[in-house]
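Next come the chains, spelled out residue by residue.
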Amino acid sequence: MRKIVRQAAFGMTDIESEDIWRCTTCGRCPQQCPRDVKQIESGVALRRIATEYGVFPTPVKPIRTVSASLIGEGNPLSEERKNRAKWAEGLSVPTFAEGMELLYFPGCYLSYDPRLKKVARATANILNAAGVDFGILGSQENCCGESIRKTGDEELFKRLAKENIKSFIDNGVKKILVSSPHCYHTFKNEYPEFRVNFEIVHISELLFDLINEGRLKFSKEFSKKVTYHDPCYLGRHNGIFDAPREALKKIPGLELVEMPDSLKDSLCCGGGGGRIWMETPKGERFSDLRLAQALGVEAEVMATACPYCISNFEDSKLTLDIVDKIEVKDLTEIVQEAI
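The shown structure was predicted, so the numbers you read here are calculated from the model rather than taken from an experiment.

What counts, and where the lines are drawn
- For every chain, the first residue of the written sequence is number 1, and numbering continues from 1 onward in sequence order.
- pLDDT decides what is reported in this predicted model: residues at 70 or higher carry local features, side-chain atom pairs at 80 or more are listed and counted, and totals for whole chains, interfaces and linings draw on all residues regardless.
- Side-chain measures here rest on the full set of heavy atoms in the structure, leaving out hydrogens and waters.
- Residues grouped as a nonpolar core are buried Ala, Val, Leu, Ile, Met, Phe, Trp, Tyr and Cys residues, joined through side-chain atoms within 4.5 Å.
- Think of it in three bands: with a 1.4 Å probe and only protein chains considered, a residue is buried below 20% of the maximum accessible area for its type, exposed above 50%, and partly exposed in between.
- Any two residues whose heavy atoms approach within 4.5 Å at even a single point are treated as in contact.
- Here, a strand pair is defined by DSSP locating no fewer than two bridges between the strands.
- Think of it this way: any DSSP run of H or I at least four residues long counts as a helix, any run of E at least two long counts as a strand, and we number them from the N terminus.
- In this analysis an axis means a line fitted to C-alpha atoms, helices contributing only their contacting stretch, and an angle means the value between N-to-C directions, from 0 to 180 degrees.
- For this text, the term disulfide refers to a pair of cysteine sulfurs within 2.5 Å.
- Confidence per residue, as judged by the predictor, is encoded in pLDDT with a range of 0 to 100.
- By definition in this entry, angles of less than 35 degrees are roughly parallel, angles greater than 145 are roughly antiparallel, angles of 65 to 115 are roughly perpendicular, and the rest are oblique.
- Each crossing gets its hand from how the near helix is turned against the far one by less than a right angle, where anticlockwise is left-handed and clockwise is right-handed.
- We call Asp, Glu, Lys and Arg charged. Ala, Val, Leu, Ile, Met, Phe, Trp, Tyr, Cys and Pro are nonpolar, and the rest, Gly among them, are polar.
- Stacked, tilted and edge-to-face are the three classes applied to pairs of Phe, Tyr and Trp rings, where Trp contributes its six-membered ring and a pair requires centres within 6.5 Å; stacked means planes under 30 degrees apart, edge-to-face means over 60, and tilted covers the rest.
- Here, a salt bridge means any Lys or Arg side-chain nitrogen found within 4 Å of an Asp or Glu carboxyl oxygen.

**Brief notes about the nonpolar core**
By size, the foremost hydrophobic cluster in this structure holds 96 residues, and its most contacted members are Trp 87, Ile 148, Phe 168, Ile 176, Phe 187, Tyr 191 and Ile 334. Ignoring any residue separated from it by four or fewer positions in sequence, one finds Phe 187 in contact with Phe 105, Cys 144, Phe 168, Ile 176, Val 178, Pro 192 and Ile 200.

And the structure:
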């Protein structure tokens, strides 16, 4: 069987090598390729073969635990499904009911991770301040399935997607607000494979609209130099570059500066393609390089709009011993401080 696995993929490619797991699916390769080679699709196809045969090199083995958690609890963090809405305790966040303007889908990391719960809470506070009619589904929702699909587990992705779609339809959901670019990409571009089309909005787009419509007003200054990091799945994959920047520019006192490798050339944080669940050796972490670029333009705050990016940058701040030199914040956290 091992021989079959080794020979199954594109000539001499070794399916047992950890090299096929290094790709973060950031989209940079197909963007640059003059021959329109589909590197992401090819890489994920190799991972599907490896997953089918249960071939996981040591650095990739955490995916087995992740898969078990996704099957059992609907999230990759081994947290209980019943606690999915606990982040909202003490806030005015109702359960979604048919007829509401939008469903807020915070995603797994914002629902469970202690650092990222702050982003979900900031988002809810902003929505309430702007008078947005929204609700959440809490334990009725699953992981969107984007990252596990990129590791090659197509069947688990389909299972998660179908359960989410049933929950959305049963609750009368039409418009979905997301914080994660990975949720955005999957709901917008991959769930239509199941013959459904929900209106999908990323929080950066909604912030821009709420500010321009006068529904969100600022009463405080945020007097810091800020640089914005484009998440791969928001920018390069889905073309959302302007909304987050324009929202930041509207905040009183904020000075926005650009890093090298920004916009469509943004440097990946290293968390896509399931890499968020795998250990990347020190010295090979893209997030380390990105923080160095932020410090290079003398930014006091690196703003972004993706939970994977925030997680990786916060980790790199610790390993690089620069905790006191720069802050990492989600767009919503900055907006919340200024309203």
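Text resumes after the structure shown.
**Considerations on the sheet that holds strand E7 (residues 301-304)**
Taken in spatial order, the four strands line up as E6-E5-E7-E8 in an open sheet, and their pairing is parallel. Edge positions in the sheet fall to strand E6 (255-257) and strand E8 (327-330), since each of these pairs with one other strand and no more. Here the average twist between neighbouring strands, direction ignored, is 35°. Its contacts with the sheet place helix H14 (residues 331-338) against strand E5 (225-228), E7 and E8, and it is angled at close to 90° to E8.

**Here we look at the state of the cysteines**
In total, this model carries zero disulfides according to the counting rule given. Unpaired in terms of disulfides, Cys 23 finds its nearest cysteine sulfur in Cys 29, a separation of 6.5 Å. For Cys 23, a relative accessible area of 35% puts it in the partly exposed group.

**Here's the deal with the pairing of strand E1 (residues 102-105)**
Regular strands have side chains that alternate between both faces of the sheet. Covered by surrounding structure in E1 are Leu 102 and Tyr 104 together with Leu 103 and Phe 105, the residues of both alternating faces. Two strands pair when backbone bridges link them, and E1 and strand E2 (residues 134-135) are joined in this way by two bridges, in the parallel orientation. By the bridge assignment, Leu 102 is partnered in E2 with Phe 134.

**Quick word on the confidence of the model for the protein chain**
Overall, the predicted model of the protein chain reaches an average pLDDT of 94, with 96% of residues at or above 70. Counting interchain partners and residues more than four positions distant, the pLDDT-below-50 stretch residues 1-12 has 17 contacts.

**Structural notes on the packing of helix H6 (residues 114-129) against H14**
Relative orientation of the contacting elements H6 and H14 amounts to 50°, with a least axis distance of 8 Å. The orientation of H6 with respect to H14, classified from their angle, is oblique. Note on packing geometry: the crossing formed by H6 with H14 is left-handed. Residues Arg 115, Lys 118, Val 119, Arg 121, Ala 122, Thr 123, Asn 125 and Ile 126 of H6 touch H14, and the partners they reach there are Thr 332, Glu 333, Val 335 and Gln 336. Of the residues assigned to the contact of H6 with H14, the class counts are four nonpolar, four polar and four charged.

**A closer look at unusual backbone geometry**
The backbone of Ser 78 shows a phi angle near 60°, a positive value even though the residue is not glycine. Residue Ser 78 is classed as exposed on the basis of its relative accessible area, which comes to 52%. One non-glycine residue, Glu 298, lies in positive phi territory at about 60°. Tracing the chain through its elements places Glu 298 in the loop between helix H12 (286-296) and E7.

**Overview of the sheet that holds E2**
Backbone hydrogen bonds hold the strands of a sheet together, and the pairing may be parallel or antiparallel. Read from one edge of the open sheet, four strands run E2-E1-E3-E4, paired in parallel fashion. Lying at the two open borders of the sheet, with one neighbouring strand each, are E2 and strand E4 (199-202). Where E1 and strand E3 (residues 175-178) come together, three bridges link them in parallel fashion. For Leu 103, the partnering residue across the bridge sits in E3 and is Ile 176. Taken strand by strand, helix H10 (residues 203-212) contacts E1, E3 and E4, and its axis lies near 80° from that of E4.

**So, the packing of aromatic side chains**
Throughout the structure, instances matching the rule amount to eleven aromatic pairs. Aromatic side chains Phe 105 and Phe 168 sit 6.2 Å apart centroid to centroid with 80° between the ring planes, which places their arrangement in the edge-to-face category. Taken together, the residues span a long stretch of sequence, with Phe 105 in strand E1 and Phe 168 in helix H8 (residues 154-170) at a distance of 63 residues. Exposure class is identical for Phe 105 and Phe 168. Each is buried. The rings of Phe 105, Phe 157, Phe 168, Phe 187, Tyr 191, Phe 194 and Phe 198 are connected pair by pair, giving a single aromatic cluster.

**Examining the pattern of salt bridges**
Pairing between side chains of opposite charge can happen when their charged atoms approach one another. What the rule picks out here adds up to 27 salt bridges. Measuring nitrogen to oxygen at the nearest pair gives 3.4 Å for the salt bridge that ties Asp 19 to Arg 22. Put simply, Arg 149 and Glu 193 hold a salt bridge, and the shortest N to O gap is 2.9 Å. Here the residue Arg 149 occupies a position in helix H7 (residues 146-150), and Glu 193 occupies one in the loop between helix H9 (181-190) and E4, the gap between them amounting to 44 residues. For Glu 193, a relative accessible area of 48% corresponds to the partly exposed category.

**Observations regarding the pairing of E3**
For E3 and E4, the ladder comprises four bridges, and the chain directions are parallel. Bridge pairing links Leu 177 to Val 201 in E4.

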